[in-house]
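Report on the structure
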Amino acid sequence: DTGVSQDPRHKITKRGQNVTFRCDPISEHNRLYWYRQTLGQGPEFLTYFQNEAQLEKSRLLSDRFSAERPKGSFSTLEIQRTEQGDSAMYLCASSLSGDSAYGYTFGSGTRLTVV
Amino acid sequence: DQQVKQNSPSLSVQEGRISILNCDYTNSMFDYFLWYKKYPAEGPTFLISISSIKDKNEDGRFTVFLNKSAKHLSLHIVPSQPGDSAVYFCAARETSYDKVIFGPGTSLSVIP
């Protein structure tokens, strides 16, 4: 297992375009999280899944954002009608439920730049 | 409303000395506290955690101390090494939710 994989690593898009990111978690992990990080800030929680069920969404996640995890494996995060304020690092993490002491395993992130 | 605070954006320490990174929190419902380390262009990496029922946890050169009455925790790295230079995030998990809330981070520089 190579850990949590995110694709693409970098994405530059024009304002108003739609973008989609993919995350492949560690195979035996049933929980998957999306976070967003901007410069000088810590990661901010966006949403998480247990298997294929989306259990919580942050108030930060506007209607332009949607996440899916079909079949409880990989996940996608789509941003519609991107805005310059969406420019950030989007991080995916996974964990096994009940493993609170061991933290999450993060991917290397997708850096989005909206021009 | 920032529930996890790291008031020092940066810290410089000489190699071999002790690094102390501090963190304060406001939510008394947090049940686990964690420290993550982040290098540029990589995702955060889990370092060490502590349960809210303990006051100390040690793993090699890294020790985390928790003072629940003060809602304060700290990460001690001793001896500090140049490879420890990174951004350190303090994080906390709330009992009834399975999400981790991060502080803004402290950038540690260990000078050879």
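The structure we're discussing is the one just above.
Residues numbered from 1 in each chain as written. Chains lettered and ligands numbered in written order. Predicted model: local features only at pLDDT ≥ 70, side-chain atom pairs only at ≥ 80, totals over all residues. Heavy atoms only, no water.

1. Let's talk about the state of the cysteines
Put simply, the rule reads: Cysteine sulfur atoms that pair up within 2.5 Å are treated as a disulfide. Numbering goes from the N terminus for both helices and strands, where a helix is a DSSP run of H or I of at least four residues and a strand is a run of E of at least two. For each residue, the accessible area found with a 1.4 Å probe, counting protein chains only, is set against the maximum for its type, and the residue is called buried under 20%, exposed over 50%, and partly exposed in between.
This structure, assessed with the given rule, holds 2 disulfides over all chains. Bridging Cys23 of chain A to Cys92 of chain A, the disulfide has an S-S length of 1.8 Å. Disulfide Cys23 of chain A-Cys92 of chain A: torsion about the S-S bond near -70°, hence left-handed. Separated by 69 residues along the polypeptide, Cys23 of chain A in strand S3 (residues 19–24) and Cys92 of chain A in strand S9 (residues 88–95) bring together distant segments of the chain. The exposure classification of Cys23 of chain A matches that of Cys92 of chain A, with both residues buried. The residue that forms a disulfide with Cys23 of chain B is Cys90 of chain B, at a sulfur-sulfur distance of 2.0 Å. What sets the handedness of the Cys23 of chain B and Cys90 of chain B disulfide is the S-S torsion sign, and at about -75° it is left-handed. Taken together, the residues span a long stretch of sequence, with Cys23 of chain B in strand S3 (residues 19–25) and Cys90 of chain B in strand S9 (residues 86–94) at a distance of 67 residues. Classification of Cys23 of chain B as buried rests on a relative accessible area of 0%. Residue classification places Cys90 of chain B among the buried positions, given a relative accessible area of 0%.

2. With respect to the layout of surface pockets
Leftover empty space is mapped by rolling, across the atoms, a probe with the size of a water molecule. Condition: A pocket here means an open set of points on a 1 Å grid, computed over the protein atoms alone, that has protein on both sides within 12 Å along at least five of seven lines. A cavity is instead a set of points where a 1.4 Å probe fits but cannot get out; residues with an atom within 4 Å of a point line either one. Grid points are joined across faces, edges and corners, and a volume is the space filled by probe spheres set on the points. Only Asp, Glu, Lys and Arg are considered charged in this grouping, and only Ala, Val, Leu, Ile, Met, Phe, Trp, Tyr, Cys and Pro are considered nonpolar; every other residue, Gly among them, is considered polar.
By volume, the largest pocket amounts to about 670 Å³. Going through the elements one at a time, strand S5 (44–50) and strand S6 (53–57) of chain A together with strand S10 (100–102) of chain B are the ones with two or more residues in the lining of the largest pocket. The biggest single contributor to the lining of the largest pocket is S10 of chain B, with 3 residues. Taken together, the residues of the lining of the largest pocket break down into 9 nonpolar, 6 polar and 7 charged. In this structure, the second largest pocket spans a volume of roughly 470 Å³. Looking at the second largest pocket, it is lined by 25 residues, and the ones nearest its centre are Gln37, Leu39, Gly40 and Arg111 of chain A together with Lys38 of chain B. Broken down by secondary-structure element, the contributors of at least two residues to the lining of the second largest pocket are S9 of chain A together with S9 and strand S11 (106–111) of chain B. Residue contributions to the lining of the second largest pocket peak at 3 residues, all from S9 of chain B. Taken together, the residues that form the lining of the second largest pocket break down as 11 nonpolar, 11 polar and 3 charged.

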